[in-house]
Structures are given as C-alpha cells and as structure tokens.
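Observations on the three-dimensional arrangement
One letter stands for each residue in the lines below.
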Amino acid sequence: MNSEFSDFRSFYINHVKPRCNYPPETVPYKTKLANGLAITVRREHPDDYAAVENLTRRAFFNAEKLARDGIPCDEHLLVRKLRAAPEFIPELDLVAECELLGQRHIVGNVMFTAAYVKTPSGEFIPALVFGPLSVLPEYQRMGIGKALLSRAEEITRSAGWGAIFLYGHPWYYPRLGYKEAKEFAVTTHDGKNFPAFMAKELVLGYLSAAAGGKYYYSPVYELDMGEAREFDGAFPPVVDGPQARPLHPSHLPYIHRLMNLPEILEVMHERQTDLPVWISAYQNWTNRGERAFAIYSGEKPAGWLRLGGFDGDAGTINVLVIDPRYARRGLGRFAVGFAEGVFRERGLRRIEIYAAEDNIPARALYESCGFRIAGRGECTTGDGTACMGITFEKVI
C-alpha cells in the first residue's frame, strides 16, 4: 500500500491541499454537554503534545495487550507519528478542554489525515480518515467524542471535503451518521468489507463517483511493535490492577455520572444531582479535612471512596461506591483494605461505616471484611425513604 499511497500523497499536496479553505481559529468553539460540563474545542498546540499523548495512552489502555506485548497500547505512538506526516491535517487536530475549580484539563482529542478511494479507472477520490479519537477514561460516555466530531465535521465541510472514512465500533458510529462502506460500493485496499469499516458523506452523493473503488489510508497507521515498545518506555509504568488515587477536581464529572446511575440511586436511596452539587461538595469535604479517593481498575475509573473521622477516635468510611460495570472483581474489598491502611497511618484503630439495612451488597461486603453490627436505628435517606440504618464497626 505504501507505493500506492505515495502517488496520492503527491496528488494531495499539489492539488487537494491548496484548495482546502480552513476557517481561522479566531474564536474557540464552546459547547455544553448533557451533564452541564462546559467544554472548549480548539486546535491542538505544541504545548499540548505531551498531554495529548498521555491522554491517548490512557484512553486506549488494554490489559490484554499489556500482558501480551508488554505495552498498554500503541495509539500514543501513532499520535506522535501522525503529526509529522505530510497528509496530516493540523487544522483538524482538535482537543476538548474543560475547566473545573480554576484548573483547565484537556480531556479529548481527535486527529484527521487525508485518504482516498481509487476508482477502477485509476482516479483518486480524496476523503478524510479520523483517528485516534481519544477521551480520558474519566470523561467517557459524556458526549465529548461526539462534540469533537461535530466540530470537526463543521470545519471539514467548510474546507470542501466530501466524505470521511473510519475503522470503528459499528454499534456507536451509526448514531453519528456513518454507514458501512459497502453501502457506497467501496472496499478496503485489499477488497474486503466488514461492519467496522464505515464512511459518511459530507456532500450528498460525493461517494457515487467512488463506487467500485478501493480505500487507502496513510501508511503511518502501520506501526512497528519494536518502535512502540521503545516509545512507551519513556512513559510512567502502568498498573493493571486495583488502585486508589487521591480524588482531584478532574474526577468530579465521573463521580457525578456514577452517582446518577439508576442502580446506584436505587440502592443508596438518593435523588439525582447536578454537577455543581458535586463541585460544591468537593470543596466542603476538603474544608472538613476528609480524604477522598478514586478507585481504579488499571487505567479505568471504577468507583470512589471518602474517608473522615481523622480528628476523632474512630475513622469513618463515609462513601464507598463501586461502578456496577466493575462489580464482583474484588474492588470493594480492595477499597476497604486501602481505607484500613489510611486509618492505621493516622493512628486510628477503629473504623465505623453506615449502610441502609436493605443495601444487601454493602452489608455483605462489610461483613466479609470483618465488620460487626454495632447498632441499628431509624433514618431518612436522601430520597426521603424511611428505613432502618446499620452502623458497622471494626477494630484494626
């Protein structure tokens, strides 16, 4: 494919690129996600390079690949190499950025390169391909990827591009208007079609001229494993297992999403809350001297833990919630054990924790970790439910 693409590369540089009229980035594009989080979508700057490569590495963390190849992914190397490719389009190298408690965070990135379909007659039909599309694990499932692509499509249309190709999840991208490439009578360069190979017309009928053609993308996407291992060696080691990390303002959108899951609201008898509530709560915990932690499985957030009682004679586990997607993986027991270690370091030898009597999973966890029932009493939960509450206690 390299020799095929080199011919197009010359065609792109001399005939396609000069005709692309990208709008100047004079005013950053701002939008608000469904959860109320305001984000800015702008071009990537050189000062962002390291953050975007780290973001990509975390977004594509793959435990199986880590065990098999010794690296968690290779997409962060792809990001580095794409920037130097002639067919890379810096005007379509976009980052999503948010601000929480005065701190700005890059939370997503998408990159585009020029590609093409070669018709049976040998004609080049220029098109785009995007990837990687990366969103920090803490910010996934919030609409950031959709916001990045939406803004990118606005720019591509104004620049005169007619279609976008991709290899991606066939259960996700059709929601954004992508179809299997076979619907446009286009195959991969080796004549194949499969659900993950998709395309979207930006100009209606643009791909009709490509019918019967084969799709080619930049050879930069073909990565060498040895080079990937060497590149990854410059990054911090990754841990494929449970971890507890100090809770940071950047975790709050994830905590907000987790605590508004229907199954969490039901078991904890709580009402839905807005993101500003959690931002305010974070400041209150900090002012009270409580310590909060995000629970991770590898590079994926999987729950959270909030501890208090440091100025008394007993430590308290005020909140312990495990993401339902990570249930039955031992993360609850890990979190309890981690909390015991924190309290021991502070010289506390007794822990208390409260749970509603009908919270069967929580009760089973605490009892399995050696807690005993120290008391019962009537209480009213956050959603107004009157129930019995149980106080558990453990000497450590």
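In this report, we go over the structure that sits alongside the text. (Residues numbered from 1 in each chain as written. Predicted model: local features only at pLDDT ≥ 70, side-chain atom pairs only at ≥ 80, totals over all residues. Heavy atoms only, no water.)

**Re the sheet that holds strand E15 (residues 350-356)**
Sheet architecture is open: 7 strands sit in the order E11-E12-E13-E14-E15-E17-E16, paired in mixed fashion. Here the strands that pair on one side only, and so sit at the sheet edges, are strand E11 (242-246) and strand E16 (372-380). Ignoring which end each strand starts from, the neighbouring axes of this sheet average 30 degrees apart. Inspection of the sheet shows strand E14 (residues 315-322) paired to E15 by 3 bridges, in the parallel sense. The partner of isoleucine 317 across the bridge, within E15, is isoleucine 353. Contacting strand E13 (300-308) and E14, helix H7 (residues 252-259) crosses the sheet at an angle of about 90 degrees to E13. (Pairing = 2+ DSSP bridges. Helix = DSSP H or I, 4+ residues; strand = E, 2+ residues; numbered from the N terminus. Axes fitted to C-alpha atoms, helices over the stretch in contact; angles between N-to-C directions. Contact = heavy atoms within 4.5 Å.)

**Examining the nonpolar core**
The biggest cluster of nonpolar side chains holds 93 residues, and the ones touching the most others in it are Phe130, Tyr139, Trp161, Phe165 and Trp304. Broken down by element, this core gets its largest block of residues, 9 residues, from strand E4 (residues 103-118). Contact partners of tryptophan 161, with chain neighbours within four places excluded, come to Tyr12, Val16, Cys20, Tyr22, Ile89, Ala114, Pro126, Ala127, Leu128, Thr156, Leu202 and Val203. (Core = buried A, V, L, I, M, F, W, Y, C linked by side-chain atoms within 4.5 Å. Buried < 20%, exposed > 50% of the residue type's maximum accessible area, 1.4 Å probe, protein only.)

**Side note on H7**
Of all the 8 residues making up H7, 8 are buried; the element is thus mostly covered by neighbouring parts of the structure. Residues of H7 that are buried: Leu252, Pro253, Tyr254, Ile255, His256, Arg257, Leu258 and Met259. Here the buried face of H7 lies against strand E3 (94-100), helix H8 (262-268), helix H9 (275-288), E13 and E14.

**Here we look at the packing of aromatic side chains**
Applying the stated criterion across every chain yields a total of 36 aromatic pairs. In textbook terms, an aromatic cluster arises when at least three aromatic residues are bridged by ring pairs, as seen for Phe5, Phe8, Phe11, Tyr12, Tyr116, Phe124, Trp161 and Tyr216. When the ring centre of tyrosine 296 is taken as reference, the NZ or CZ atom of arginine 245 above it lies at 3.9 Å. (Phe/Tyr/Trp six-rings, centres within 6.5 Å; stacked < 30°, edge-to-face > 60°. Lys NZ or Arg CZ within 6 Å of the ring centre and 35° of its normal.)

**Section: the environment of alanine 84**
Tracing the chain through its elements places alanine 84 in the loop between helix H4 (75-82) and E3. Here the alpha-carbon distance between alanine 84 and aspartate 48, two residues 36 residues apart in the chain, equals 15 Å.

**Focus on the pattern of salt bridges**
Overall, the coordinates contain 31 salt bridges when judged by the stated rule. A salt bridge links glutamate 340 to lysine 394, with the nearest nitrogen and oxygen atoms 2.7 Å apart. Here glutamate 340, found in helix H10 (residues 331-345), pairs with lysine 394, found in strand E17 (residues 386-395); they are 54 residues apart in sequence, far enough to count as distant. Among the residues examined, glutamate 340 registers a relative accessible area of 9% and is labelled buried. Between glutamate 352 and arginine 350 there is a salt bridge, with the nearest N and O atoms lying 2.7 Å from each other. Look at glutamate 352 and you get partly exposed, because its relative accessible area is 28%. Shared partners join several salt bridges into a network, and the residues in it are Arg42, Asp48, Glu97, Glu99 and Arg104. (Salt bridge = Lys/Arg side-chain N within 4 Å of Asp/Glu carboxyl O.)

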